Amino acid sequence: MRPERYSLTGAEEKKPEKKQGAGISRREFLAAGLGALAALSQRGDKPSRGEAPLEQPADREFTENFLLLSISRGETPSFLREGAKKLTPEGFVWHAANAEPLSESRKAELLDTAKTVSAEFGAEILWYLKEAHFFAEKKAIPPQPRFSGWAENDLPVDDIKDFFTKGGFPRGTIMGNVAGIRYDTFTDPNMQEGYRRVYGENRSLPSATASLENRLTFYRQPNSTQFEAVSELVHSFRRTAPHEVGHASSWMNRKGMKLSDRLAFLKDALAVYEEKERSKVLVWLRTRHSTGDEPADYEKIQNPNAKLQKYLQVEEMTADLFALYLDMNMPPVKFAGAGQEKGTFGYNATDKEKNLIHRYFLKDDPNFDPQKAWTIRHDTEYNFRRKMNALVKRKNWFVLEH
Ligand SMILES: [Zn+2]
């Protein structure tokens with residue numbers, strides 16, 4: 001679980017394995033993360049002894065945000081424990097060239113991309129991407145995701161398993177990529193606080209999250225009644241589940257990607273973000289109506305650091321785009337097809353969007369048939385919904401609780 005640390009002198013510094021991950025509760029994880037956050041406020045910004053020349057300590061704001069982000073997802077990846085860093089574009093290329101064969105021209109191209117990404121999002125994002133890469137390559141993902149918290153809450157776990165594992169998603173995005181899918185209560189004040197501080201006050205608490213360990217968690221919102229919780233969950237399966245699978249299959253999270261491809265994925269997502277028209281379609285996706293003026297959900301993200309804000313918006317937009325691709329019930333020709341008019345299903349995907357879907361999300365499944373997958377998700381969701389409705393009636397959950 002613990003990524004090795006790579007120094008830029010080429011020597012690998014290995015730390016003794018600490019007991020971590022398995023056998024540690026989420027609460028302990030959170031406490032550790034908050035401890036690290038407290039330690040930060042006492043630390044100077046000078047590089048520590050023995051630090052690699054191409055890495056420098058991150059701006060404190062970034063480090064805090066990375067930690068809060070992890071806390072809000074109920075995780076604290078080991079690479080964040082000592083504080084985030086900045087990585088130069090040259091340092092990034094050094095790491096990529098150590099991990100995969102790269103020709104001189106490919107290196108030059110990668111350096112250009114790394115410079116763009118660093119200028120847009122900050123040198124911290126290059127460091128985070130590099131660390132997330134080594135973390136992803138080491139994380140142990142079971143052949144099938146583990147399901148937890150469902151049966152314990154009387155929820156029909158077999159139908160939920162079918163929804164995720166019977167072919168409703170592109171190959172490589174769930175099996176061998178998602179470690180676990182669980183149901184939990186979003187009541188930890190640290191998680192809520194972390195989320196609000198990173199994403200701003202404009203966004204409501206998430207109904208689900210994807211952690212860097214690729215655990216998807218569907219949440220019961222604090223203070224919700226059981227009836228509200230079940231309604232929200234049913235709704236989640238249509239919209240939120242594909243969105244979270246999108247996160248688990250993006251540049252930071254996906255298992256089995258080259259470091260250079262992770263960077264290219266991020267840069268290609270930035271290119272889509274800069275095509276502003278997308279936001280209107282994505283508003284429609286979430287709400288099924290749009291006046292054409294309101295911001296998309298990802299545009300509501302606010303962070304005091306403008307570069308990080310942009311990064312977080314690109315991350316969310318990309319997960320939304322993947323969900324859009326899956327949700328529109330369209331074979332590829334129609335996804336590329338005609339007529340984007342208000343209130344219709346037609347949607348002109350741009351070449352940049354098609355590139356993002358096909359080159360990255362469908363990289364292990366080039367012949368993925370979205371129509372067939374939609375039918376599978378629809379059918380399994382129907383079974384799930386039917387059982388949930390029966391459950392709500394049987395348990396009399398319509399009655400409001402306090
Ligand atoms: Zn998201």
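Residues numbered from 1 in each chain as written. Predicted model: local features only at pLDDT ≥ 70, side-chain atom pairs only at ≥ 80, totals over all residues.

Peer 1: Can you break down the overall build of the chain residue by residue, with the values?
Peer 2: Secondary structure summary: the chain contains 14 helices and 8 strands in total. Counted over contacts in the chain with a minimum sequence separation of 6, partners at least 24 positions apart contribute 75%. (Helix = DSSP H or I, 4+ residues; strand = E, 2+ residues; numbered from the N terminus. Contact = placed C-beta atoms within 7 Å.)

Peer 1: Could you give an account of the confidence of the model for the chain, with specific residues and numbers?
Peer 2: On average, the chain scores 80 in pLDDT, and the residues at 70 or more come to 76%. Long-range and interchain partners of residues 43–51, a stretch whose pLDDT sits below 50, account for 5 contacts in this model, where long-range means more than four residues apart. Predicted confidence is poor over residues 329–346, with pLDDT under 50, and the contacts of this stretch with residues over four places away or in other chains come to 24 contacts. (pLDDT = per-residue confidence, 0-100.)

Peer 1: Any details on the sheet that holds strand E6 (residues 180–185)? Residues and values, ideally.
Peer 2: Strand order in the open sheet made by the 4 strands is E5-E6-E8-E7, with mixed pairing throughout. Unpaired on one side and paired on the other, strand E5 (146–148) and strand E7 (208–210) mark the two borders of the sheet. Strand after strand, the sheet turns through a mean of 20° between neighbouring axes, direction not considered. Direction of pairing for E5 relative to E6: parallel, over a ladder of 3 bridges. Paired with Arg146 across the strands is Gly180, a residue of E6. (Pairing = 2+ DSSP bridges. Axes fitted to C-alpha atoms, helices over the stretch in contact; angles between N-to-C directions.)

Peer 1: Account for helix H7 (residues 189–199), naming residues and giving values.
Peer 2: Residues of H7 that are buried include every one of Met191, Gly194, Tyr195, Val198 and Tyr199, and no others. Around the axis of H7, the buried residues are gathered within 100° of arc, so they sit on the same side. At its buried positions, H7 is contacted by helix H2 (60–72) and helix H11 (306–327). One or two positions beyond H7, positive phi appears at Gly200, with a value near 90°. (Buried ≥ 20, exposed ≤ 12 C-beta atoms within 10 Å, placed from the backbone. Arc of directions from axis to C-beta.)

Peer 1: Lay out unusual backbone geometry in plain terms, naming residues and giving numbers.
Peer 2: Even without glycine at this site, Asn214 takes up a positive phi of about 60°. Along the chain, Asn214 turns up in the loop between E7 and strand E8 (215–220). With a phi angle near 60°, Asn396 is a residue other than glycine that sits in the positive phi range. With respect to the helices and strands, Asn396 occurs in the segment after helix H14 (370–394).

Peer 1: A description of the pairing of E8 should follow, citing residues and the corresponding values.
Peer 2: Most of E8 is tucked away, with 6 of its 6 residues classed as buried. Connecting E7 to the antiparallel partner E8 that follows it, the hairpin turn spans 4 residues, and Asn214 within it adopts a positive phi of roughly 60°.

Peer 1: Report on the nonpolar core, specifying residues and quantitative values.
Peer 2: By size, the foremost hydrophobic cluster in this structure holds 87 residues, and its most contacted members are Leu126 and Leu129. Per element, the largest residue contribution to this core is 12 residues, and it comes from H11. For Leu129, the contacting residues outside a window of four places in its chain are Trp251, Met252, Arg262, Leu263 and Leu266. (Core = buried A, V, L, I, M, F, W, Y, C linked by C-beta atoms within 7 Å.)

Peer 1: Kindly report on the packing of helix H4 (residues 104–121) against helix H9 (residues 259–273), identifying the contributing residues and their values.
Peer 2: At their nearest, the axes of H4 and H9 sit 10 Å apart, and the two run at 55° to each other. Between H4 and H9, the crossing angle belongs to the class labelled oblique. Judged by the sense of rotation from one axis to the other, the crossing of H4 with H9 is left-handed. Listed contacts from H9 to Leu110, Thr113, Ala114, Thr116, Val117 and Glu120 of H4 are Ser260, Leu263, Ala264, Leu266, Lys267 and Leu270. (Parallel < 35°, antiparallel > 145°, perpendicular 65-115°, else oblique. Left-handed = near helix turned anticlockwise from the far one by under 90°.)

Peer 1: Please set out the environment of Thr217 residue by residue, giving values where relevant.
Peer 2: Relative to the helices and strands, Thr217 is located in strand E8. As a C-alpha pair, Thr217 and Tyr183 span 34 residues in sequence and 5.7 Å in three-dimensional space. Each residue touching Thr217, except ones within four places of it in the same chain, is listed here: Gly74, Arg182, Asp184, Ala208 and Thr209.

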